[in-house]
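# Examination of the molecular architecture
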4 protein chains.
Amino acid sequence: MDLKMTVEELNSYVAEIFPQVSDFYTIEKLDKNFLRVKYMPTERDVRPGGSVSGPTLFALADISTFMALLAMIGPVHLAVTTSCSIDFLRKPRAEEILAAECRVLKIGRVLAVSDVLVFSGHIREPVARASLTYSIPPGKAREFE
Amino acid sequence: MDLKMTVEELNSYVAEIFPQVSDFYTIEKLDKNFLRVKYMPTERDVRPGGSVSGPTLFALADISTFMALLAMIGPVHLAVTTSCSIDFLRKPRAEEILAAECRVLKIGRVLAVSDVLVFSGHIREPVARASLTYSIPPGKAREFE
Amino acid sequence: MDLKMTVEELNSYVAEIFPQVSDFYTIEKLDKNFLRVKYMPTERDVRPGGSVSGPTLFALADISTFMALLAMIGPVHLAVTTSCSIDFLRKPRAEEILAAECRVLKIGRVLAVSDVLVFSGHIREPVARASLTYSIPPGKAREFE
Amino acid sequence: MDLKMTVEELNSYVAEIFPQVSDFYTIEKLDKNFLRVKYMPTERDVRPGGSVSGPTLFALADISTFMALLAMIGPVHLAVTTSCSIDFLRKPRAEEILAAECRVLKIGRVLAVSDVLVFSGHIREPVARASLTYSIPPGKAREFE
């Protein structure tokens, strides 16, 4: 399956349907089954002790998957997250940028599954790992089975 | 194991360590191994189509567990989420209050595990199900094994 | 949604399609959205220290969900497990019978989700907690949405 | 952290503590934070339609992590699985060998986390993805934090 959108098309589409999101997330790399996106934590994301909140990491993993699926199956803004399993591995640093690397493991007739690693600043090892399942609206991805 | 805190003590403690949180979450019920907490979605939590964002549901499940553990093992603000598995079951309604019911399944020497159902307004069936694992600082919960 | 099968019909059906399974699992209770099934560990299931293997607990949680869904949507032997999240909470006893209590949280158009607690002998608290997602063949459960 | 055991030492150790396991699993590759192990499904593992059972895939993912941790922290046969999240992505083939590739994402003071992909025969894409958390006995892995 080839990519259906370029980084630019993806950015425009996300800006249109999720204006509140597009200002904060920067797509860095897009490849077949792979997307890397960066996010700079804001004050709201910070937790006591200079860490970043779990929901912030979850949101980043979720958005990386949403964007990767968009790029692969084309504009399907009704694709929804049906489940997520996330492990918090290390303490992210509040003042450093986060990067999520999303690998798409499957795009089936009704479900898509990804695996995401989240990194913080220059820490070499991931601060979180997540896998997400998305439900794909009928008729949209049938060709990719 | 008896409860270590009343709803009032819990509210004061959370207001002190998480002032940004305490204004929005209302503990409704607290019992041995059980806590119910409510949260009214704000504009930021809303998604296109009148739904509530996944990170909002995740945050509510996480906070319900954090509060339930606090009530059971006493003030341990270093307890941290190590993992979460969450299923999104139905569409919550943006304009209705959310309620999380947290059941504590285990408080061990180093780990605690909960099971959470999230409800939206008057929909009888849960909109999400989550299980969370918390890591407990050494020496804190040893007595409960 | 009413039950589509009685305990007897469910037992016969499972005996027919999974003969290797039906000798070992005993359905104890069946209700709307609820099923309890028992399993006596065999030598193969035992681990050093008198415990029961993780795969045995996983298999029991999986089968409890499979049976509960069968009872609710009728014979659909193509329903398949798409994901499972399981927490091992306490050490089961090798010489005691296991019981899984499965609650069906959702039966949607394409997915069904359950929550399972596994008990061992007379230990009052669960030895494991699992949630499972099943994919339902198209056309089968559409009426239950 | 350097490896504490060679493939040969790991094989001997597993043969000693898990004789029922060592005949069926073949370690193919061992590296820092990485292990690949193969398993040929037996008649018991097969499901109607020529597939392999979920518990078989779960067991393989679990054993790959157990072996990888042994190789990295040395003989710690009390390390136990505390949780697993697994996605079943494609149908494995009953008559083909399975291979699990385990990446160790974290070895902390009390917890270790892995990410596993399971492959079947010559299918290029994974048939399952799993992440596992192990609890490490106190005093064993403190040096690796």
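See the structure shown above.
Fair warning: this is a prediction, and the values are worked out from it, not measured in the lab.

All names here are of chain B. Relative to the 28 Å expected for 20 residues at 1.5 Å per residue, helix H3 (residues 54–73) spans 29 Å between its end C-alpha atoms, a close match to the ideal helical length. Judged by how many residues are buried, H3 sits mostly within the fold: 20 of 20 residues are covered. Backbone geometry just downstream of H3 places Gly74 in the positive-phi region, at approximately 85°.

Counting from both sides, the interface comprises 20 residues of chain A and, opposite them, 19 residues of chain B. In this assembly, chain A packs against chain B so that about 1,400 Å² is buried in total across both faces, 63% of it on carbon and sulfur atoms. Contact with chain B buries surface across chain A, with Pro55, Phe58 and Phe88 of chain A losing the most and accounting together for 31% of the total. Summed over the shared surface of chain A and chain B, the number is zero salt bridges. Across the chain A-chain B interface, the total number found is four residue pairs in polar contact (both at pLDDT 80 or more).

With that settled, consider helix H1 (residues 7–17) of chain B. All names here are of chain B. Buried residues of H1: Leu10, Tyr13, Val14 and Ile17, and no others. Looking straight down H1, one finds its buried side chains confined to an arc of 95°; they lie on one side. For H1, exposure combined with an orientation more than 90 degrees from the buried face picks out Glu8 and Glu16.

Rotating chain A by 180° about the axis while translating it 0.0 Å along that axis superimposes it on chain B, leaving an RMSD of 0.0 Å. Taken together, these values place the two copies in the relation of a two-fold axis. Proximity to the rotation axis, assessed at the C-alpha, singles out Ser85 of chain A in chain A; its C-alpha lies 2.1 Å from the axis.

Moving on: the sheet that holds strand S1 (residues 25–31) of chain A. Ordered in space as S1(A)-S2(A)-S6(A)-S7(A)-S8(A)-S5(A)-S5(B)-S8(B)-S7(B)-S6(B)-S2(B)-S1(B), the twelve strands form an open sheet in which the pairing is antiparallel. If you trace the sheet from one side to the other, it starts and ends with S1 of chain A together with strand S1 (25–31) of chain B, each paired once. Looking at each pair of strands side by side, their axes are set apart by 20° on average, direction ignored. Contacts from helix H3 (residues 54–73) of chain A reach S1, strand S2 (34–39), strand S5 (80–88), strand S6 (98–107), strand S7 (111–120) and strand S8 (128–135) of chain A together with strand S5 (80–88) of chain B, with the element oriented near 50° to S6 of chain A. Where H3 of chain B meets the sheet, its contacts fall on S5 of chain A together with S1, strand S2 (34–39), S5, strand S6 (98–107), strand S7 (111–120) and strand S8 (128–135) of chain B, and the angle it forms with S6 of chain B comes to roughly 50°.

We now examine the pattern of salt bridges. Summed over all chains, the structure comprises 32 salt bridges over all chains. One salt bridge connects Glu101 of chain B with Arg103 of chain B, and the closest N-O pair in it is separated by 3.9 Å. Between Arg129 of chain D and Asp87 of chain D there is a salt bridge, with the nearest N and O atoms lying 2.9 Å from each other. With Arg129 of chain D in strand S8 (residues 128–135) and Asp87 of chain D in strand S5 (residues 80–88), this pair connects stretches of sequence that are 42 residues apart.

This part takes up the pairing of S6 of chain A. Within a regular strand, the side chains alternate between the two sheet faces. Residues and elements named next belong to chain A. Most of S6 sits inside the fold, with eight of its ten residues counted as buried. Here S2 pairs with S6 via six bridges, running antiparallel. If you follow Leu35 over to S6, its bridge partner there is Cys102. Alignment of S6 against S7, held across nine bridges, turns out to be antiparallel. Its bridge partner being in S7, Ala99 is matched across the sheet by Phe119. Here S6 hands over to S7 after three residues, the two strands then running antiparallel side by side.

What counts as what
Residues numbered from 1 in each chain as written. Chains lettered and ligands numbered in written order. Predicted model: local features only at pLDDT ≥ 70, side-chain atom pairs only at ≥ 80, totals over all residues. Heavy atoms only, no water. Helix = DSSP H or I, 4+ residues; strand = E, 2+ residues; numbered from the N terminus. Expected span 1.5 Å × (residues − 1). Buried < 20%, exposed > 50% of the residue type's maximum accessible area, 1.4 Å probe, protein only. Contact = heavy atoms within 4.5 Å. Buried area = accessible area lost by both parts, 1.4 Å probe. Salt bridge = Lys/Arg side-chain N within 4 Å of Asp/Glu carboxyl O. Polar contact = N/O pair within 3.5 Å; in protein donor to acceptor, adjacent residues only side chain to side chain. Arc of directions from axis to C-beta. Least-squares fit on C-alpha atoms with pLDDT ≥ 70 in both. Pairing = 2+ DSSP bridges. Axes fitted to C-alpha atoms, helices over the stretch in contact; angles between N-to-C directions.

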